[in-house]
Amino acid sequence: MAHPAQKQDPLEARLAAHAMPEGAAWAREAREDALSRLRAMGGLPGKRDEYWKFTDPTTLNLPEPPRAQCFATDESAPFSEIDRLRIVFVDGVFDAEASDDLALEGVEIERLSDAQARDIHWARDAYGVLETRGQTPVARAHAALNTALAQDGVVIRVTGRPSKPINLTYLHKSEVSDAILHHLVKVEPGAEVTILENGPAAARFSKVMEVEVADDARFHHIRLQGRDHERRAATHMFARLGARSSYKSFTMTVNGVLTRNEQVVEFTGNEAIAHIAGAALGDGKDAPFHHDDTVFVTHDATDCESRQVFKKVVRNGAEGVFQGKILVKKDAQRTDGYQLSQALLLDDNASFQAKPELEIYADDVQCSHGSTTGAIDEEALFYLRSRGVPEDEATDLLVLAFLAEAIDEIEDESLRADILTRLQAWLDRHRG
Amino acid sequence: MLEIKNLHVSLEEEDKAILKGVDLTVEAGKVHAIMGPNGSGKSTLSYVLSGRDGYVVTDGSVALKGEDLLEMEPEERAAAGLFLAFQYPVEIPGVGNMTFLRTAVNAQRKARGQEEMSATDFLKEIRAKAKELKIDAEMLKRPVNVGFSGGEKKRNEILQMAMLEPAMCILDETDSGLDVDAMKLVADGVNALRSEGRGFLVITHYQRLLNHIKPDVVHIMSDGRIVKSGGPELALEVEENGYADILAEVA
């Protein structure tokens, strides 16, 4: 007999809207496991959930996404000046024609559905594994939901040093699209890869990327999220880092009625480094803007360095959120942990809420965190104007200066220049 | 060049009169100095001229080359040819000194309907001018005034002045915090800019800067007014006898 309460349960309603894709027995099992996990944690998060205190999950839970208009632009595509291997998804579905040939020396790339159709595949030991690890101590229901329902994605195994970055582009063409993508990235010992992501993706976008970085391997990640004002996204990156490995991730976000970006990084090998940075710009004038960065770094190895730098510039009712935690386990001696979250409020209507946390059990560590909220420095603004720089241009200079510490985390000079150009263009479009 | 007539200024927040009828005309090609005790209103005059917030002009007028200065925004005053060398130059983390100056130079040129300066021409010019002021390339790359010593900050002000080529230069206590060598460097920089078409207003508490930048006219300011004007010898009189004698004499 059907339980009357089930009708109200957002999880069951959501599940009814998506079919679980077919696959080999192991894939089916991994998806069913994720579903059990999700049910065991009590389903999708509610407004009273502590971890969703600053971001309302309601529209992420709905069976169908609210409509999101597709925005036309004549701006060149991000990264178009760079030689890259392009993999295109349209509203969350792989588009082979728009994508490049997936063959590239030093890396094996396959569509998730192809990998999951095979009985024997490396993805079998990876799909949902890091997501599962990331569920404690804090539940991440939307990540488990993603593992259960993912409609598409790519699995990337890096064995060498591919000559160019892999660019995942997410095009948004349908106003009602509900995209669920799940990617696996496995960087083998000593290998190195750069993953670029861009595009508004869908009306609602759920994305999980599980990243295994083996000993002495390096992973670079640059992501541009943006444009379409009404889009919603809940994204997760789960990373596990081997000895002497390196994980560097930078995200720039502009526009978006709701973005929740979670990064869960775990050090399991000694002497590894993780740099996680983000810059977000929101102007509530055209549409509401809400951006949430939620980061959880676990040090479970010695001599590792983690660095979080998150900056937000908001105005006209735009909202920024930062939740960041550094957990240093008992044996993670000589950990160097740094966390900075700052917001620049361009007017009195914008807001920023931050919850920085440190939890340290080792005794020989260096950890610091800082969180600030401020307005434009009036003295600096006057100084610039007194030299002839008009007020809006002077404000732009100060905004870019504020973001510089996050943007400087991008190592590649041409990528950094490209992102600065786009930032400037955004500022030009949002004057006053 | 600069014509100040009966200028009355109050603080915006506490309705307190600071300038109580300043009359002053600086001609092109001349260097005028304003001296006066602390609290006489010297720095307020420089802030009001540059367009800083927090002051209310209750009476009087200021014209720069015949144009009403008080009607203009700070950036318009700069484009019209006014330059204030700050007593306390502001540190701007994250904005490179070179980027800042190039933005300023080109913004002014644009406002005046001139073509923007090319990156190469700009670099050539700034290198030459920085060299004269003994400002090394490293300092140009650093964020504006961040980590600069007192002397470096003041030299940076003069470098900006040299690059922007203003018609009317106001120097607010440029000698404060400088040792003799640094003061000489700054003064040499200023003297190099002296020309027929350019006016200077040098605000200083001490006479020593005027040994290096020789003024044509010296004014003594007290309690928001100019109480006495004269030639360079007036500065020497202050140096020898202090302000008290002069102020007693005009009281």
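Residues numbered from 1 in each chain as written. Chains lettered and ligands numbered in written order. Predicted model: local features only at pLDDT ≥ 70, side-chain atom pairs only at ≥ 80, totals over all residues. Heavy atoms only, no water.

Explain the packing of helix H3 (residues 97-111) of chain B against helix H6 (residues 150-164) of chain B to me, and be specific about the residues and the numbers.
All names here are of chain B. Direction vectors running N to C along H3 and H6 enclose 35°, while the axes themselves pass 10 Å from each other. Considering only the axes of H3 and H6, their crossing is right-handed. Seen from H3, the contacting residues are Asn-97, Phe-100, Leu-101, Ala-104, Val-105 and Gln-108; seen from H6, they are Asn-156, Leu-159, Gln-160, Met-163 and Leu-164. (Axes fitted to C-alpha atoms, helices over the stretch in contact; angles between N-to-C directions. Helix = DSSP H or I, 4+ residues; strand = E, 2+ residues; numbered from the N terminus. Left-handed = near helix turned anticlockwise from the far one by under 90°. Contact = heavy atoms within 4.5 Å.)

Describe the packing of aromatic side chains, and please don't skip the residues or the numbers.
Residue and element names in this part refer to chain A. Considering all chains together, one arrives at 9 aromatic pairs over all chains under this definition. When the ring of Phe-89 is compared with that of Tyr-170, the centres are 5.9 Å apart and the planes differ by 35°; the resulting orientation is tilted. With Phe-89 in strand S1 (residues 85-90) and Tyr-170 in strand S5 (residues 166-171), this residue pair connects regions lying 81 residues apart in the sequence. Each member of the pair, Phe-89 as well as Tyr-170, is classed as buried. Here the aromatic rings of Phe-219 and Tyr-247 are separated by 5.3 Å at their centres, their planes lie at 20°, and the arrangement is stacked. Of this pair, Phe-219 sits in strand S9 (residues 218-225) while Tyr-247 is found in strand S11 (residues 246-254), placing the two residues 28 residues apart along the sequence. Overall, Phe-219 belongs to the buried group, its relative accessible area being 0%. (Phe/Tyr/Trp six-rings, centres within 6.5 Å; stacked < 30°, edge-to-face > 60°. Buried < 20%, exposed > 50% of the residue type's maximum accessible area, 1.4 Å probe, protein only.)

Give a detailed account of the sheet that holds strand S13 (residues 273-283) of chain A, specifying residues and quantitative values.
Residues and elements named next belong to chain A. Within the open sheet, the 10 strands sit side by side as S2-S1-S5-S7-S9-S11-S13-S15-S17-S19. Their pairing is mixed. The outermost strands of the open sheet, each flanked by one partner alone, are strand S2 (93-94) and strand S19 (366-374). As judged from the 7 bridges shared by strand S7 (residues 192-198) and S9, these two strands associate in the parallel manner. Its bridge partner being in S9, Thr-194 is matched across the sheet by His-220. The strands touched by helix H8 (residues 391-407) within the sheet are S11, S13, strand S15 (305-315) and strand S17 (336-345), with S15 carrying the most contacts at an inclination of about 155°. (Pairing = 2+ DSSP bridges.)

Would you mind going over the interface of chain B and chain A in detail, with residue names and values included?
Taken together, the contact between chain B and chain A spans 28 residues of the former and 16 residues of the latter. Inspection of the region where chain B meets chain A yields 4 salt bridges. A:Arg387 is the salt-bridge partner of B:Glu157, the closest N and O atoms lying 2.6 Å from each other. Summed over the shared surface of chain B and chain A, the number is 11 residue pairs in polar contact (both at pLDDT 80 or more). Those elements that provide at least two residues to the side of chain B that touches chain A are helix H2 (74-79), strand S6 (82-85), strand S7 (92-96), H3 and H6 of chain B. In terms of residue count, the dominant contributor to the side of chain B that touches chain A is H3(B) (6 residues). Residues of the side of chain B that touches chain A, tallied by class, amount to 16 nonpolar, 8 polar and 4 charged. (Salt bridge = Lys/Arg side-chain N within 4 Å of Asp/Glu carboxyl O. Polar contact = N/O pair within 3.5 Å; in protein donor to acceptor, adjacent residues only side chain to side chain. Nonpolar A, V, L, I, M, F, W, Y, C, P; charged D, E, K, R; others polar.)

Hey, could you go over the sheet that holds strand S11 (residues 217-222) of chain B for me, with residue numbers and the actual values?
Note on sheets: strands pair through backbone hydrogen bonds, and any given pair is parallel or antiparallel. Residue and element names in this part refer to chain B. Sheet architecture is open: 6 strands sit in the order S6-S9-S10-S3-S11-S12, paired in mixed fashion. Both edges of this open sheet fall to S6 and strand S12 (225-230), since each of them pairs with a single strand only. For this sheet, the mean inter-axis angle between neighbouring strands, taken without regard to orientation, is 20°. In terms of strand pairing, strand S3 (residues 31-35) meets S11 through 4 bridges, oriented parallel. The residue of S11 that forms the bridge with Ala-33 is Val-218. Together, S6, strand S9 (168-172) and strand S10 (199-204) form the strand contacts of H6, whose direction differs from that of S6 by roughly 170°.

Give a description of the pairing of strand S4 (residues 154-158) of chain A that names residues and reports values.
Residues and elements named next belong to chain A. Of all 5 residues making up S4, 4 are buried, and the element is well covered by its neighbours. Here 5 bridges tie strand S3 (residues 107-111) to S4, and the two strands are oriented antiparallel to one another. Within S4, the position partnered with Val-107 by the bridge is Val-158. Of the strand pairs in this sheet, S4 and strand S6 (residues 178-187) are connected by 4 bridges, and their pairing is parallel. Across the sheet, residue Ile-156 finds its bridge partner in S6, namely Val-185.

Which residues make up the pattern of salt bridges, and what values do they have?
Residue and element names in this part refer to chain A. One pass over the full model with this rule turns up 47 salt bridges over all chains. Residue Arg-39 pairs with Glu-12 through a salt bridge whose shortest N-O separation is 3.1 Å. In this pair, Arg-39 is assigned in helix H2 (residues 25-40) and Glu-12 in helix H1 (residues 10-17), connecting sequence segments 27 residues apart. By relative accessible area, Arg-39 is classed as partly exposed at 42%. With a relative accessible area of 24%, Glu-12 lands in the partly exposed category.

So what's going on with the environment of A:Leu224? Residues and values would help.
Residues and elements named next belong to chain A. One can find Leu-224 in strand S9. By relative accessible area, which is 7% here, Leu-224 ends up buried. Distance in space between the C-alpha atoms of Leu-224 and His-369 is 26 Å, their sequence separation being 145 residues. Residues in contact with Leu-224, not counting those within four places in the same chain, are Pro-78, Phe-79, Glu-197, Asn-198, Gly-199, Met-252, Ile-419 and Arg-422.

Break down a negative patch on the surface for me, citing the residues and quoting the values.
Residues A:Asp377, A:Glu378, B:Glu12, B:Glu13, B:Glu14, B:Asp15 and B:Asp53 make up a contiguous surface patch of negative charge. Positionally, B:Asp15 belongs in the loop between strand S1 (2-11) and strand S2 (17-26). The class of B:Asp15 is exposed, set by a relative accessible area of 67%. (Patch = residues over 30% accessible without salt bridge, like charges linked within 9 Å, V, L, I, M, F, W, Y side chains within 5 Å. Areas by Shrake-Rupley, 256 points an atom, 1.4 Å probe, with all protein chains shown as cover. Lys, Arg positive; Asp, Glu negative; His and termini not counted. Charge placed at Lys NZ, Arg CZ, Asp CG, Glu CD.)

Requested: an account of H3(B), with residues and values cited.
Between its terminal C-alpha atoms H3(B) stretches 21 Å, which fits the 21 Å expected from 15 residues at 1.5 Å a residue. Once H3(B) ends, the next one or two residues include B:Gly113, with phi positive near 75°. (Expected span 1.5 Å × (residues − 1).)

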